[in-house]
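Reading the structure
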Amino acid sequence: MRTLRAPIAKSSPGFAAVLSGLFPGLGQMYHGRWVRGILMILIPIFVVLLTGAFIAIADPLTGLVLRNAPAFTFLVAAAFLTYHLFVVADAFAGKLRGMRSLRGRGIADYLMLGAVCLALVGFYGAAYRGSAPWAGLFAKIFAPIANQPLLGAGSLQEQPLPSWSGTERLNILLLGIDARPGDTTSQNTDTMIVLSLDPVNKTAAMLSLPRDIYVNRPGMLTDKINAAYAFGGADLSRRVVEDLLGIRINAYALVDFEAFTKIVNTVGGVIVDVHRPVRDESYPTTDYGVERIDITAGPQLMDGVTALRFARSRHDSNDYSRAARQQLVISSLRTKLSEGDFLRGLPGIVDNVGSAVQTNFDPANIIPLARFGSGIPGDAIRSEVLYPCGGDYPHCELNYSGSDGGFFLLPDRSKVRDFAASIFYDPQVKAEGASIEVRNAGGRAGMAQSIADRLAERAYAVSIVTNGATARSAVLVRNSAKRYTANALAAQLGGLPVDTLPSGESSPADIVVRVGSDFRGLATDLAR
């Protein structure tokens, strides 16, 4: 007797093509070709990771990709489209090979294959159109990295900047250049601002540096600080600011006045609350003439030209009020960007601005930085200026000096670094929140309280000031979980030794700072 068998279901080539169109490899799995399907999934992932790592590690290749970012983006999109079409065709063919793979199919299968191919062409075309502006963004903004020449050993080249981990404080030097059409000689910086972001505690700070600060560092710069760019470009400006403030600069951003105007106009202007009217009878124009400007007090929407005039004018005030106005415009611009879809509009902004904005910031960090910066509340941003002594200012770090040779502002290095340390505190110290006891162990009267006050300005949580038995200066740890703060304290206090709090001594604090007669001072004092 003949045994009846159920007919074996026949898989659909068209449906397999649709599955692999949705995700490479699914169509192969649908046909029961599991190993081939898994390989179809893993191959592009492996190729992307390997290629990305090679590009990131090989500096010449990184520069080549950045210089030709739009073309590279097109090649990547074309490669993915070609691979995806191959996977779809392979799924449609099934186990057949040669011309047989295209024969014996129903009209519905061919229609599904054609629809999938057209959909893939449309999808990758749209992906390329969406990514091309971002490619142009990277090519323009990171031109200093892309165009960095390959120099041999001993050649002069820009020093590598310290990397940013994403959890420590990020300091960026903003340089405003007065680059007028046809002028190749005047390259002094009109604006120098250190923008600092604390990603741990979600705060930010801006510190403006008056352009008349005199830097007397032979071998580096002996001139006003705004001349650093003319002598050594952004790298020398960075090193001069690092030396002055006692901090490290992770990156710089270079903006000329034309770029600033375009940025403001591209976002639709900025709303600025003008606290005092600005009147200037001698505002400089691009053709080396002057014009009269009059900006009234009160909230107002400023276009790029007006915002630039408001930020630059100095004849009716001084460099310090001008610095405050510049920071006000930057804060207003940040607010305007955070109100809209900043990341989506960023490529258009850069496309309009062109190559006038340049930075050497790591491209891998630009997106998280943009998201973080636009999300900081306005009341968490501290705005400060280095002020001269002898005036009605909340603090002072500079001294007037005038002679036939010109007008200068001489920095008190210890006071400047003290003030910078209070603004650019260590985010991890603040987040750790270790309680600190400052104990006078033979130091002069009042020394422990003075140190406690200065540490508190640097975001150290000083909880108590006491007197103890005479001993050598040291940082003593009672709570081992607060070791990071202990090490940071040791560095702030001029390199004191770090040890465990002896069992015979007690303290309610996590860390004890013992100040003896051998204490030399904070690190900023030793920098005089």
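Summary of the structure given here. (Residues numbered from 1 in each chain as written. Predicted model: local features only at pLDDT ≥ 70, side-chain atom pairs only at ≥ 80, totals over all residues. Heavy atoms only, no water.)

Section: helix 5 (residues 69–93)
Helix length check: helix 5, at 25 residues, gives a terminal C-alpha distance of 36 Å against a target of 36 Å (1.5 Å per residue), a fit within 8%. Listing the buried residues of helix 5 in full gives Ala69, Thr73, Ala77, Leu81, His84, Val87, Val88, Asp90, Ala91, Phe92 and Ala93. At the C-terminal side of helix 5, Gly94 shows a positive phi close to 70°. (Helix = DSSP H or I, 4+ residues; strand = E, 2+ residues; numbered from the N terminus. Expected span 1.5 Å × (residues − 1). Buried < 20%, exposed > 50% of the residue type's maximum accessible area, 1.4 Å probe, protein only.)

With respect to the side chain of Arg322
Tracing the sequence through the fold places Arg322 in helix 11 (residues 319–339). Residue class for Arg322 comes out buried when judged on its relative accessible area of 3%. Polar side-chain contacts of Arg322 include one of 3.0 Å to the side chain of Asp190. For Arg322, the residues in contact, after removing those within four places along its chain, are Asp190, Arg211, Ala311, Arg312, Ser313 and Arg314. (Polar contact = N/O pair within 3.5 Å; in protein donor to acceptor, adjacent residues only side chain to side chain. Contact = heavy atoms within 4.5 Å.)

Describing the packing of aromatic side chains
For the structure on display, the rule yields 9 aromatic pairs. Between Phe123 and Tyr124, the aromatic rings sit 5.1 Å apart at their centres with planes inclined by 85°, giving edge-to-face as the arrangement. Its relative accessible area of 52% is what places Phe123 among the exposed residues. The residue whose ring lies beneath Lys224 is Phe408, and the NZ or CZ to ring-centre distance is 5.6 Å. For the cation-ring pair, Arg325 lies above Phe310, with the distance from its terminal atom to the ring centre recorded as 5.8 Å. (Phe/Tyr/Trp six-rings, centres within 6.5 Å; stacked < 30°, edge-to-face > 60°. Lys NZ or Arg CZ within 6 Å of the ring centre and 35° of its normal.)

Comments concerning the packing of helix 1 (residues 13–22) against helix 5
Between two packed helices, what matters for the description is the angle formed by their axes and the separation of those axes. Interaxial distance between helix 1 and helix 5 falls to 7 Å at its minimum, and their mutual angle equals 155°. Classed by the angle they form, the pair helix 1 and helix 5 counts as roughly antiparallel. Between helix 1 and helix 5 lies a crossing of right-handed hand. Between helix 1 and helix 5, the contacting residues are Pro13, Gly14, Ala16, Ala17, Ser20 and Gly21 on the first element and His84, Val87, Val88, Ala91 and Phe92 on the second. Looking at the contact of helix 1 with helix 5 residue by residue, the class counts come to 7 nonpolar, 4 polar and no charged. (Axes fitted to C-alpha atoms, helices over the stretch in contact; angles between N-to-C directions. Parallel < 35°, antiparallel > 145°, perpendicular 65-115°, else oblique. Left-handed = near helix turned anticlockwise from the far one by under 90°. Nonpolar A, V, L, I, M, F, W, Y, C, P; charged D, E, K, R; others polar.)

Section: unusual backbone geometry
Despite not being glycine, Lys202 has its phi angle at roughly 60°, a positive value. Non-glycine residue Ala459 carries a positive phi angle of around 75°. The residue Ala459 is located in the loop between helix 16 (447–457) and strand 16 (461–467) in this model.

A closer look at the pattern of salt bridges
Counted by the stated rule, this structure contains 26 salt bridges. Asp235 is paired through a salt bridge with Arg239; the nearest N and O atoms lie 3.4 Å apart. Pair noted here: Asp235 and Arg239 are both in helix 8 (residues 228–245), with a separation of 4 residues, about one helical turn. With relative accessibility at 29%, the residue Arg239 sits in the partly exposed group. We note a salt bridge from Arg238 to Glu242, for which the minimum N-O separation is 3.2 Å. Of this pair, Arg238 and Glu242 are both found in helix 8, 4 residues apart, which corresponds to roughly one turn of the helix. A single network of salt bridges, built from pairs that share partners, joins Asp190, Arg211, Arg312 and Arg322. (Salt bridge = Lys/Arg side-chain N within 4 Å of Asp/Glu carboxyl O.)

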